[in-house]
Every structure is written in structure tokens, then in C-alpha cells.
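Examination of the molecular architecture
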Amino acid sequence: MFDTPARALSLLLARLATLCQRGADRLDRSVPIAATGPRQGQVSLVGAGSGAGELLTLLALERLKHADAVVYDRLVGPGVLAMIPAGVERHYVGKARGHHSLDQASIGQMLVMLARQGKRVVRLKGGDPGIFGRLGEELDALEAAGVPWDIVPGISAAASAAAAMGIPLTERGHAQSLRLVTAQQCREGGEPDWRSLARRDETLVFYMGLNKLTAICRGLITAGLPRDWPVMLVANASLPEMASVVGTLADIDSRLAASPLPSPCLIIVGSVVSRAKLKEAVVAEPAITESAISDHL
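Calculation rules
Residues numbered from 1 in each chain as written. Predicted model: local features only at pLDDT ≥ 70, side-chain atom pairs only at ≥ 80, totals over all residues. Heavy atoms only, no water. Salt bridge = Lys/Arg side-chain N within 4 Å of Asp/Glu carboxyl O. Helix = DSSP H or I, 4+ residues; strand = E, 2+ residues; numbered from the N terminus. Buried < 20%, exposed > 50% of the residue type's maximum accessible area, 1.4 Å probe, protein only. Pairing = 2+ DSSP bridges. Axes fitted to C-alpha atoms, helices over the stretch in contact; angles between N-to-C directions. Contact = heavy atoms within 4.5 Å. Core = buried A, V, L, I, M, F, W, Y, C linked by side-chain atoms within 4.5 Å.

Moving on: the pattern of salt bridges. Summed over all chains, the structure comprises 12 salt bridges. A salt bridge links Asp 68 to Arg 39, with the shortest nitrogen-to-oxygen separation between them at 2.6 Å. Taken as a pair, Asp 68 in the loop between helix H2 (58-65) and strand S2 (69-72) and Arg 39 in the loop between helix H1 (5-30) and strand S1 (42-47) lie far apart in primary sequence, 29 residues in all. Under the relative-accessibility criterion, Asp 68 is labelled partly exposed at 23%. The shortest N-O distance in the salt bridge between Arg 179 and Glu 202 comes to 3.1 Å. Of the two residues, Arg 179 is situated in strand S8 (residues 177-182) and Glu 202 in strand S9 (residues 202-207); the sequence distance between them amounts to 23 residues.

Below, the structure written as C-alpha cells:
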């Protein structure tokens, strides 16, 4: 069949070489090669919850545990900040009424800059990042820069306040829907549609509205809600210093004057609030301590 044994061996070796090359080509196409360049940074937009450390989610804690830098807001509770591992960069970008430590565009630029340095960045926001947290603007900045990101939801201030006060936000026979409203609409030329808000089968939760309380109550009464419609104010939900005031659209202003609350403060309007009159505002003792959680870091 072959002229000589040497020629047969030569053809066999050539065939084996061809098969090996084909196998190598398949491997190259199916198995990604590990990157040898600098690590690519990424940003996690994380909800810190309503303040209490024990209400931080497990996934949020995991993100903090592996972070190189944390960019955080004014409403992130001290118990959550205590869970940031030692040595992690901290960048405060909090905002208060009339004073912003950094404007929104600069915050987006900071996130991009840190990620481009190859860092795992946690953008820590009070409550849930998707509820009045300027999340969309920061996502736009990251997308424009080609920075990878993910979102970790958090327990919202509305859910936490209702739980601490022992009321549901929706309930059959009381409220079949829930509406979250920013009171920043209650400005001259920026009034919300009060008629659409003045419903008896819905719970309203106004964020950032303590200094707009009079306008909110007046707008809802003018649109048709009764003057004795229940209203509740809750500040520092889930924290030991939580405080609340319960009243009606007609008298909540005077009740607040008698028992002032700090800002930010949630305004909850709806018949579900009537349940809060049956109990004192009590913050449940945490099932686990912040120090126990930090042991996992």
C-alpha cells in the first residue's frame, strides 16, 4: 500500500497533526481566553433600605463586601455604613434641600471615573434606587461610557414606614392601588393633577413633602376628598428615632406644629391610615444585630 515504512509513518504523522489542529481550533472557539489586561470596572446601583442595618438585603451586603469604592447618599443609615469593610474608598455625594454636595452630572462622572480605574463601585442609595433616586440619569451616564452595571433593589421608605406603623399600604375594601408621588411637583406651575389623586380607593405616599404639606392637603380637599380623610406623617422610618403624627387632611398641619418632625418625612394619605390609630408607633427590635451581620464581611 505504501512504498516504504518511512513514507507510511510520515503520512500518519501528518494526519495526526491535522486532527490536533482541528481540535485546537474548536477549543479556541468554545473556551474564552482569560483577559490579561487590567480588570474592567463595574458599578452596582444598590438600595440601602430605609436606614436600619438589619433591613439591608443579602445581595446588597455581598456587593459591599466586594467593593473597592462606595459612593453614598445622605439617607444611607449609619448601621449600613458600618458594614462597609475597612479600606474601601468612601465618597459622600449627599443632597439636602437647598444644598447639594455634588450635582447630578458630577455624580455620574465620578461613577464612570472610578469604574474606568478598574474598581468595583457600589452606588449606595437610601431606600430603593428606582424610587425617586435619580437612577435613570446615572444609568444613562454609565451606558454612554460603556460601563457595566447592575441594580440591587432595596426596601423602600414607604414599605418600611407602613410596616413600622403596623398598617398595609393596600387592603381589600380600603385601597386597591398604591401611588407614590414626589411632592416636588407641588411647586408654582408644577401642580399635580389633584383630581386624579383624590380617590378613596387608593393609598397615596408623598415623598420629600413636609414643607409642601399645606398645599397637599388643600389640593386634595379641593379635589373632593373629605376633610376628615386620614393622614399620617412618618420620619426616620425603621430607625430608633422614628416619629410619627396621625391626623386628617383638615388638622394634620396643626398637629405637626404641636409635634414637629424632621425632614425627610413621608406623607401617607388613605383610609388604611385609620389602622395606625389603634397602636403606638413602635419599631420592632431587630432579629439580628448589625455586629452579627458585619461578622460575615
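There's plenty left to go through after this.
The next thing to look at is the sheet that holds S2. Backbone hydrogen bonds are what pair the strands of a sheet, in a parallel or an antiparallel way. Pairing within the open sheet is parallel, and its five strands lie in the order S3-S2-S6-S1-S7. The open sheet has two free edges, formed respectively by strand S3 (89-92) and strand S7 (149-152), since each of these has just one partner strand. This sheet shows a mean twist of 20 degrees between the axes of neighbouring strands, independent of strand direction. Alignment of S2 against S3, held across four bridges, turns out to be parallel. Looking across to S3, one finds that Ala 69 is bridged to Glu 89.

Strand order across the open sheet formed by five strands is S8-S9-S12-S10-S11, with mixed pairing between neighbours. The sheet is open, and its two borders are formed by S8 and strand S11 (243-248), each paired with just one other strand. Neighbour-to-neighbour, the strand axes of the sheet open up by a mean angle of 20 degrees, direction not taken into account. Bridge count for S8 against S9 is six bridges, and the pairing is parallel. Bridging from a neighbouring strand, Thr 182 pairs with Tyr 207 of S9. On the sheet, helix H6 (residues 157-165) packs against S8, S9, strand S10 (230-235), S11 and strand S12 (265-269) and is oriented at approximately 70 degrees with respect to S12.

Turning our attention to the nonpolar core. Core analysis: the largest hydrophobic core is formed by 26 residues, its most contacted members being Phe 206, Leu 220, Leu 233, Leu 249, Ile 267 and Val 269. Of all the secondary structure elements, the ones that give two or more residues to this core are helix H7 (194-197), S9, helix H8 (213-222), S10, helix H9 (252-258) and S12. Ignoring any residue separated from it by four or fewer positions in sequence, one finds Val 269 in contact with Glu 202, Thr 203, Leu 204, Phe 206, Leu 220, Trp 229, Pro 230, Val 231 and Leu 249. Counting 20 residues, the second largest nonpolar core, distinct from the first, contains Ala 164, Met 165, Tyr 207 and Met 232.

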